[in-house]
Amino acid sequence: AAALAEVYPHEVAGALRPAEVAGVVENNPDVAVAALRWVVTVPGTGHLDALATMPVGLHTMDVVHRLTALVDLPLDFLHPFVTSCIAYCDNMGSKRTQNRAVRLVCVFLQSFFDRGKVAQLSDLQHELRAFCIKHSRVMNAASLFANITAAFAPDAASV
């Protein structure tokens, strides 16, 4: 199915209705990424709204992470999604599961630095710093905190 989505992306994207987004994301993230990359940039299709209303989980984070590498997602989607990811980590039951979720969120956020898209997160810098401090026992959070501090330092804009 993922191969078909790569060969016929517009057809697969056209066949994916917003009501089906959650099922595809949960059951086949590869197909979800291949299809959504073509429709999330078109306003009014409802696909991005469907993705935004999904509960945050491992597959949801994976799909959005991969989409951010392919397209610029609108900030009115991205900011609430990042906030939901942070809440997802804070509401985990066990420390082991929480640490895994924190690492995944940190990798997702770090990708904005790696791709030179950190400006998309500037409005969330205080929330991101608080997240990193709260989860500083996780190595990824400590390195993310250092990157956030460096990127959003008062003199960083002039560098």
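The structure presented is a predicted model; accordingly, all values stated were derived computationally and were not measured. (Residues numbered from 1 in each chain as written. Predicted model: local features only at pLDDT ≥ 70, side-chain atom pairs only at ≥ 80, totals over all residues. Heavy atoms only, no water.)

Draft legend 1. Highlighting the overall build of the protein. Secondary structure summary: the protein contains 10 helices and 0 strands in total. Listing every helix and strand of the protein by position from the N terminus yields α-α-α-α-α-α-α-α-α-α. Sorting the 159 residues of the protein into buried and exposed places 41% on the buried side. Across the protein, contacts joining residues at least 24 apart in sequence account for 69% of those joining residues at least 6 apart. Of the roughly 8300 Å² of accessible surface on the protein, a fraction of 58% belongs to carbon and sulfur atoms. (Helix = DSSP H or I, 4+ residues; strand = E, 2+ residues; numbered from the N terminus. Buried < 20%, exposed > 50% of the residue type's maximum accessible area, 1.4 Å probe, protein only. Contact = heavy atoms within 4.5 Å. Areas by Shrake-Rupley, 256 points an atom, 1.4 Å probe, with all protein chains shown as cover.)

Draft legend 2. Broad picture of helix 7 (residues 75–90). The end-to-end C-alpha distance of helix 7 is 22 Å, a good match for the 22 Å that 16 residues give at a rise of 1.5 Å each. Of the positions making up helix 7, those classed as buried are Phe77, Leu78, His79, Phe81, Val82, Cys85, Ile86, Tyr88 and Cys89. Looking at the buried side of helix 7, the elements it contacts are helix 5 (47–52), helix 6 (58–70), helix 8 (95–114) and helix 9 (125–134). (Expected span 1.5 Å × (residues − 1).)

Draft legend 3. Examining the confidence of the model for the protein more closely. Scored by pLDDT, the protein comes out at a mean of 86, with 88% of its residues at no less than 70. Mean pLDDT values over the elements of the protein span from 51, in helix 1 (residues 2–7), up to 96, in helix 9. (pLDDT = per-residue confidence, 0-100.)

Draft legend 4. Structural context of the packing of helix 4 (residues 29–39) against helix 6. Look at helix 4 against helix 6: their axes get within 10 Å of each other, and the N-to-C directions meet at 40 degrees. By the angle between their axes, helix 4 is oblique relative to helix 6. Our pair here, helix 4 against helix 6, has a crossing hand that is right-handed. Contact residues: helix 4 offers Pro29, Asp30, Ala32, Val33, Leu36 and Arg37, while helix 6 offers His59, Asp62, Val63, Arg66, Leu67 and Leu70. (Axes fitted to C-alpha atoms, helices over the stretch in contact; angles between N-to-C directions. Parallel < 35°, antiparallel > 145°, perpendicular 65-115°, else oblique. Left-handed = near helix turned anticlockwise from the far one by under 90°.)

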